[in-house]
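Fold and contact review
Listed here are the chains, written in short residue letters.
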Amino acid sequence: MAPLIEIKNLNTRFFTADGVVKAVNDVSYSMESGEILGVVGESGCGKSVHALSMMQLIPDPPGKITGGEVWFEGHDLLELDEREMRKVRGRDIAMIFQDPMSSLNPVFTVGHQIVEALRIHTDLTKKEARERAGELLTLVGIPGAKTRLDDYPHQFSGGMRQRAMIAMGLSCMPKLLIADEPTTALDVTIQAQIIDLVKNLQQELGMAIMWITHDLGVVAEMAERINVMYAGSIIESGKVNDIYKQTRHPYTIGLLGSLPRLDDPPGTELTAIPGLPPDLLALPEGCAFAARCAYRTEKCVAEKPSLVEVDGSDHIVSCWHWEEIAGKQANE
Amino acid sequence: MTNITSEEIIETDYAIREHRSLWIDAWQRLISSKTALLGMFIVTVFVVSSVGAHFFWEYEPKKDLDYSLKLKPPTLVANEEVPSVHLFGTDKLGRDIFRRVVHGGWNSLRVGIVAVGISLILGGTIGLISGFYENMNMTSMELITLFGVTGFSLGLLSAWIAGQPIQAFLLAGLGVVAAAFPEFQKDKPTRMLIFAAAGGILLAVPALSVSKTTALICGLYGVLSGMLISRALDGNFFSSTMMRFMDIILSFPGYLLAIAIVAFLGPGLEKGMIAIGIVGIPVYARLTRSAVLSVIQKEYILAAQSVGEGHGRILFHHLMPNILSPVIVQTTMGLAAAILSAAALGFLGLGAIPPEPEWGAMLGDSYRYLASGAWWAVLFPGIAIMLSVLGFNLLGDGLRDALDPKLRT
Amino acid sequence: MNDESTHLMDDESTPLVEVYNLKKYFPVTGGFFRRKIGDVKAVDDVSFQLFRGETLGLVGETGCGKTTVGRTLLRLYKPTSGQIIFDGEDLTALGEEELRKKRSRMQMIFQDPYASLNPRMTVGNIIGAPLDVHRSMSSKERHDYIQGLLDIVGLNPDFVNRYPHEFSGGQRQRIGIARALALEPDLVVCDEPISSLDVSIQAQVVNLLEELQKQIGLTYIFIAHDLSMVRHISDRIAVMYLGKIVELADRDDIYLHSLHPYTQALMSAVPIPDPDLANKRNRIILEGDIPSPKNPPKGCNFSTRCPIAQDRCFSEEPEFREIKKDHWVACHFAEDSL
């Protein structure tokens, strides 16, 4: 079956006074219908920027999508002009963000904003749209939805606002929902509620979800597949179990090793990854992670590794020495 | 395959950016803007010509008079009719306009600097202290000072009524006592009663030597003042009071207020400077207060407190360097506004006393001759005003962009 | 790491810090004359002890008051009531000058690496500020001392004349740590020191903090909302909810034998980076939102969201009591979970 969305060689640059920032470098992957994909990485790895690039939401200037194709339903999204793109946004692909306080317009009621979204993309009358908005708020678990339609964003708590955002995102039944760090700003117990909600909604409505986050704990519960990004490129990708249990890239290994776990035996040491993430203004020629990697060789510094398959499966990794490293890990 | 040890990796831990001083950064941004450069150029020409003229090109306005040259158009070469060169022509008293424009610059520059200086120092201090004590608890010494000053200020009114300066000091003393015993009957009505009574007595008794009515008035006023002094005054009280005074000043239209002050103080450029300075105080007070409020929330201020740094040190080391940016921008724009205000006053015949050269006054002298064709007498002083104001505004805009922290990653 | 953690009282039988019934209320003003119309009960009757050399973790969600506890402990806020005894002396009774002197023994590390350093001061002056206030050193002594501190925290000592904006978040946090250590304090309050940092840098900073504790013998209060990290670094943990401590116990007791329903719900909500466990876990999903500290519920603070709440919980506040040795809980039905 053809994938829902296929991204080929996406490249995004930011042209600033200090130089050219290589934010997204040769990113390629695809998503199936109804799949939950986790995109994981730290700040500056390009996870948010690549999603915004897909939706052509990069401010130009200073940003520019310098190459690549994004195939969705037979069209290359990057070739569409602004008018056509607006039809896709919200209706076929919806996006929700980290801070609902700034993504919801504080001077309009929540109901108004959902109705607006509905009326742009569908033929519903105002009355019908309002009904539907009430249904949506109930769907996302906001009690007393009908009356809450007339409340303003500041009258909702953080968790409720995020639910309202999700309602807005789902209003037109998109095929793909992109969630950019949706629970990062929420308390742990509220985060658990939202994750639960999204999992249930996904089962009910069947849309694909791209969950972007830096939290490896959250994606472990949510995702079926994971893309790990570093310095603008995907450095490891695979099914959830492969990534956590058969980790192959030294960065991912290091990252998992530096996380404390609630079920760790007492006295477990955290193995920190030394050094700093690379400067996107001056990415090295070779592997971007080489400077911090305990296993680096001259080849790593000189040549950027390509993505290769691990054991002929859909688990891919971009590292010259992954096999030797795997061998060492097995022996430890 | 060789493993790199983590010690070697730590050495690649670098400071992520080249070492650049913050000011050099800002300077480079400033000179990269063409309009800012233009503004800088104009301002430099203005300042250099004004200062140079004042010190090196003698001019005695009282002796400058030649009716034979009355209202002559600009001449570049001396000829029969007009035996001297007058680049900008002459005015109604035959004076060389070019010379007066250049010297007028010196007066405008002085007005700008003194007026803005008054506004900045007085307004800035008020704003700084208001913003600071809104967020910081006052030490006991500071509280004593606050109460004392409050008492003194309150006392001034009744001192004026009774003509007895000592009344101000008496209330100041009452304030100090109130501050020194903050726990005495705290939150109880007895405290208010005691201080009210004390206030009434303290002010009424000396006033008895004037007249019974005065004593009554002062006594009542003392009771009210005592009630105020008994309350737990704090930084918020000071700030609110100061800001309300600022609001009062702001509620008058600027020029009208300046005119009223000049009418009160008398004519002369110096009085004009004071008037313009006073009118500008609230602007700087509000500006510095809001700048202080935004900086004081930052954690490095809290860190300074946790280290045990005193208020003085926090104010000078931490606050002031970080509120410079908006103040610098406002000062530059403020100079433009001051020059314009001085010209307005001069035009109306207030401000500079004739025959002092002052652009606004020159306009005021000459505009009635426009109808008879003497355009030069109006154009050149007008252009001088316009260019100098433009120059400072452009420079101020450029500074705002250069110092804007949002542009710094 | 700290297996011997719970028995660090070997050299001192008296705790370094004792907090009794600490309250910090912030007034809420309203109306035309800005009268006080209520209180935000940020810290509402908190009591605990802190022993030398240990790390006490303070966890909780928004509005629980953990940051306020940290700051009030250092007298950065004036307590509304209660006592703070530091090494035998009551901090709440000290005058301004004496308090200032005490400050050299207790320092703080702040959350935001971008806002906690004065952008207009050099790194050397930022770290040296405490020295200027409390010690008199010659210029050379000061310079050498500061370079030594930079070295201890793993930064290149040549960076003394650089400005904060030239450093990354993790490096700035190290500068903040160096500043906190300048006066060789006994107690360091770490207020969410790693929340703003990237995941791969968090471990670096935490390892540094642990290393320093071992080398210098520091006592930490570690305030955070990341339960996994708090569990890693702490010897004992206090769980706070809406201004009160709901449970205080040894690290392992809290994680394996928690007695308060909120603690249990909190544990189950923390994501674990392991897909197998993630799906097998018994999740307790709490209903509703966290109430506002301006308007806490009557009776037990947690009653509105508690899965085992009963009538008594809505009218009677539970007492914070020692249910078993060194394990304190504030719940009417704590015995049921034993």
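Residues numbered from 1 in each chain as written. Chains lettered and ligands numbered in written order. Predicted model: local features only at pLDDT ≥ 70, side-chain atom pairs only at ≥ 80, totals over all residues.

Describing the overall build of chain A
- When its secondary structure is counted, chain A shows 13 helices and 12 strands.
- The C-alpha atoms of chain A give a radius of gyration of 21 Å, which matches the 20 Å a tight globule of 332 residues would have.
- In terms of principal-axis extent, the alpha carbons of chain A reach across some 65 × 50 × 45 Å.
- Expressed as a percentage of its 332 residues, the buried residues of chain A come to 50%.
- Taking all contacts inside chain A whose residues are at least 6 apart in sequence as the whole, residues at least 24 apart take part in 63%. (Helix = DSSP H or I, 4+ residues; strand = E, 2+ residues; numbered from the N terminus. Rg over C-alpha atoms; globule rule 2.2 N^0.38 Å. Buried ≥ 20, exposed ≤ 12 C-beta atoms within 10 Å, placed from the backbone. Contact = placed C-beta atoms within 7 Å.)

So, the overall build of chain B
- Along the backbone of chain B there are 15 helices and 0 strands.
- Since a compact globule built from 409 residues should have a radius of gyration of about 22 Å, the 29 Å found for chain B marks it as more spread out than a globular shape.
- Overall, chain B is about 105 × 90 × 30 Å in size when its C-alpha atoms are taken along their principal axes.
- Sequence separation of at least 24 residues holds for 71% of the intrachain contacts in chain B that already meet a minimum separation of 6.

What about the nonpolar core?
- Counting residues in each nonpolar core, the largest one holds 196 residues, and the members touching the most others are A:A164 and A:M210.
- It is helix α7 (residues 158-170) of chain A that provides the largest number of residues to this core, a total of 7 residues.
- Residue-level mapping places this core at the junction of two domains, with at least three residues from each of domain 1 (5-223) and domain 2 (230-331) of chain A.
- One finds B:V43, B:A204, B:V295 and B:A384 within the second-largest nonpolar core, a separate group that totals 90 residues. (Core = buried A, V, L, I, M, F, W, Y, C linked by C-beta atoms within 7 Å. Domains from an automatic or database assignment.)

Describing the interface of chain C and chain B
- Between chain C and chain B, the residue contacts involve 29 residues of the former and 24 residues of the latter.
- Every element with two or more residues in the side of chain C that touches chain B is listed here: α2 (96-102), β6 (106-109) and α3 (123-134) of chain C.
- No other element matches α3(C), which puts 4 residues into the side of chain C that touches chain B.
- In terms of residue class, the side of chain C that touches chain B is made up of 13 nonpolar, 8 polar and 8 charged. (Nonpolar A, V, L, I, M, F, W, Y, C, P; charged D, E, K, R; others polar.)

Description of the domain arrangement of chain A
Residue and element names in this part refer to chain A.
- Taken domain by domain, chain A holds domain 1 (5-223) and domain 2 (230-331).
- Taking only C-alpha atoms into account, the centre of domain 1 sits 28 Å from that of domain 2.
- Contacts between domain 1 and domain 2 engage 18 residues on the former and 15 residues on the latter.
- Mapped by element, the contributors of at least two residues to the side of domain 1 that touches domain 2 are β2 (19-31) and α9 (216-222).
- Of the residues forming the side of domain 1 that touches domain 2, the biggest block, 9 residues, is contributed by β2.

Considering helix α5 (residues 126-139) of chain A
All names here are of chain A.
- In a regular helix each residue adds 1.5 Å, so 14 residues correspond to 20 Å; α5 covers 20 Å between its end C-alpha atoms and thus fits that length.
- Turning to α5, its buried residues are A129, A133, L136 and L137. The buried residues of α5 occupy an angular sector of 95 degrees when the element is viewed end-on, so they sit on one face.
- Among the structural elements, α4 (110-121), α6 (145-148) and α7 are those in contact with the buried residues of α5.
- Immediately downstream of α5, the backbone of G141 shows phi near 85 degrees, a positive value. (Expected span 1.5 Å × (residues − 1). Arc of directions from axis to C-beta.)

Some details on the sheet that holds strand β9 (residues 236-241) of chain C
Residues and elements named next belong to chain C.
- A sheet is described by the order of its strands in space; here 8 strands give the open sequence β6-β7-β8-β3-β9-β10-β12-β11, paired in mixed fashion. Taken across any chain shown, the strands that pair with only one partner, and hence form the sheet edges, are β6 and β11 (321-324). Averaged over all adjacent pairs, the angle separating strand axes in this sheet is 25 degrees, with direction ignored.
- Bridge analysis of β9 against strand β10 (residues 244-250) gives 6 bridges, and the strand direction is antiparallel. In the sheet register, I237 faces β10, and the bridge partner there is A249.
- Along the sheet, helix α5 (residues 169-181) contacts β6 and β7 (187-191); its crossing angle with β6, the most-contacted strand, is approximately 175 degrees. (Pairing = 2+ DSSP bridges. Axes fitted to C-alpha atoms, helices over the stretch in contact; angles between N-to-C directions.)

Some words on the interface of chain C and chain A
- Each side of the interface is counted separately: chain C has 37 residues, and chain A has 39 residues.
- Contributing elements (two or more residues each) for the side of chain C that touches chain A: α6 (199-216), α7 (227-233), α8 (251-256), α9 (261-269) and α10 (275-280) of chain C.
- The element contributing the most residues to the side of chain C that touches chain A is α6(C), with 6 residues.
- Classifying every residue of the side of chain C that touches chain A by side-chain character gives 21 nonpolar, 8 polar and 8 charged.

Some remarks on the confidence of the model for chain B
Residue and element names in this part refer to chain B.
- Scored by pLDDT, chain B comes out at a mean of 85, with 94% of its residues at no less than 70.
- By mean pLDDT, the top-scoring element of chain B is helix α11 (residues 269-296) (93), and the lowest-scoring one is helix α1 (residues 6-10) (43).
- Taken together, the chains of this predicted complex give a pTM of 0.85 and an interface ipTM of 0.86. (pLDDT = per-residue confidence, 0-100.)

Let's talk about the packing of helix α2 (residues 22-31) of chain B against helix α15 (residues 376-403) of chain B
Residue and element names in this part refer to chain B.
- Running from N to C, α2 and α15 cross one another at 135 degrees; their axes reach a closest spacing of 8 Å. Between α2 and α15, the angle falls in the class oblique. As α2 packs across α15, the resulting crossing turns out to be right-handed. Residues A26, R29 and L30 of α2 touch α15, and the partners they reach there are G398, L399, D401, A402 and L403. (Parallel < 35°, antiparallel > 145°, perpendicular 65-115°, else oblique. Left-handed = near helix turned anticlockwise from the far one by under 90°.)

Re the pairing of strand β8 (residues 219-224) of chain C
Residue and element names in this part refer to chain C.
- Among the 6 residues of β8, 6 are classified as buried, and the element is accordingly described as predominantly covered.
- Burial of the side chains of β8 extends over both faces: T219, I221 and I223 are buried on one face and Y220, F222 and A224 on the other.
- Looking at chain direction, strand β3 (residues 55-59) and β8 are connected through 5 bridges and run parallel. Note on β8: the bridge partner recorded for V59 is A224.
- Both β7 and β8 contribute to a ladder of 5 bridges, which runs parallel. Bridging across to β8, V188 finds its partner in Y220.
- Chirality of the crossover, the property in question, places the unit of β7, α6 and β8 among those that are right-handed. (Right-handed = clockwise from strand over helix to strand, strands pointing away.)

Concerning the sheet that holds strand β5 (residues 75-76) of chain A
Residue and element names in this part refer to chain A.
- Taken together, 4 strands build an open sheet; the order of strands is β2-β1-β4-β5 and the sheet is antiparallel. Two strands close off the open sheet at either side, each with one partner strand: β2 and β5.
- In the sheet, strand β1 (residues 5-16) pairs with β2 via 9 bridges, with the strands oriented antiparallel. The partner of I5 across the bridge, within β2, is M31.
- Here helix α1 (residues 47-54) sits on the sheet in contact with β1, β2 and β4 (63-72), set at roughly 110 degrees to β1.

Concerning the pairing of β3(C)
Residue and element names in this part refer to chain C.
- Burial analysis of β3 places 5 of its 5 residues in the buried class, the great majority of the element.
- Side chains T55, G57 and V59 of β3 all project onto a buried face; the interleaved residues L56 and L58 project onto the opposite face, where all are buried too.
- Where β3 meets β9, 4 bridges bridge the pair, whose relative direction is parallel. Each residue of the ladder has a partner; that of L56, found in β9, is R236.

Considerations on unusual backbone geometry
- The residue after B:P354, namely B:P355, is reached through a cis peptide bond having omega 5 degrees.
- Its location among the elements puts B:P355 in the loop between α13 (311-347) and α14 (359-366).
- Although it is not a glycine, A:D26 sits at a positive phi angle of roughly 55 degrees.
- Along the polypeptide, A:D26 turns up in strand β2.
- A positive phi angle, near 50 degrees, is found at C:E184, a position not held by glycine.
- Within the secondary structure, C:E184 is located in the loop between α5 and β7.

Structural notes on the confidence of the model for chain A
- Across chain A, the average pLDDT comes to 89, with 99% of residues at or above 70.
- Ranking the elements of chain A by mean pLDDT puts helix α3 (residues 100-103) of chain A last with 79 and strand β3 (residues 36-40) of chain A first with 96.

A look at helix α6 (residues 166-180) of chain B
Residues and elements named next belong to chain B.
- Taking 1.5 Å of rise per residue, the 15 residues of α6 would be expected to cover 21 Å, and the 21 Å separating its terminal C-alpha atoms lies within 8% of that figure.
- Of all the residues in α6, the buried ones are Q167, A168, L170, L171, A172, L174, G175, A178 and A179.
- Tucked inside the fold, the buried residues of α6 contact α5 (140-162), α7 (189-207) and α8 (212-230).

Structural notes on the environment of C:V28
Residue and element names in this part refer to chain C.
- Turning to its location among the elements, V28 is positioned in strand β1 (residues 17-30).
- With 12 C-beta atoms counted inside 10 Å, the residue V28 sits in the exposed group.
- Spatially, the C-alpha atoms of V28 and L155 are 44 Å apart, while their sequence positions differ by 127 residues.
- Beyond its immediate stretch of four places on either side in the chain, V28 contacts K36, I37, G38, D39, V40 and K294.

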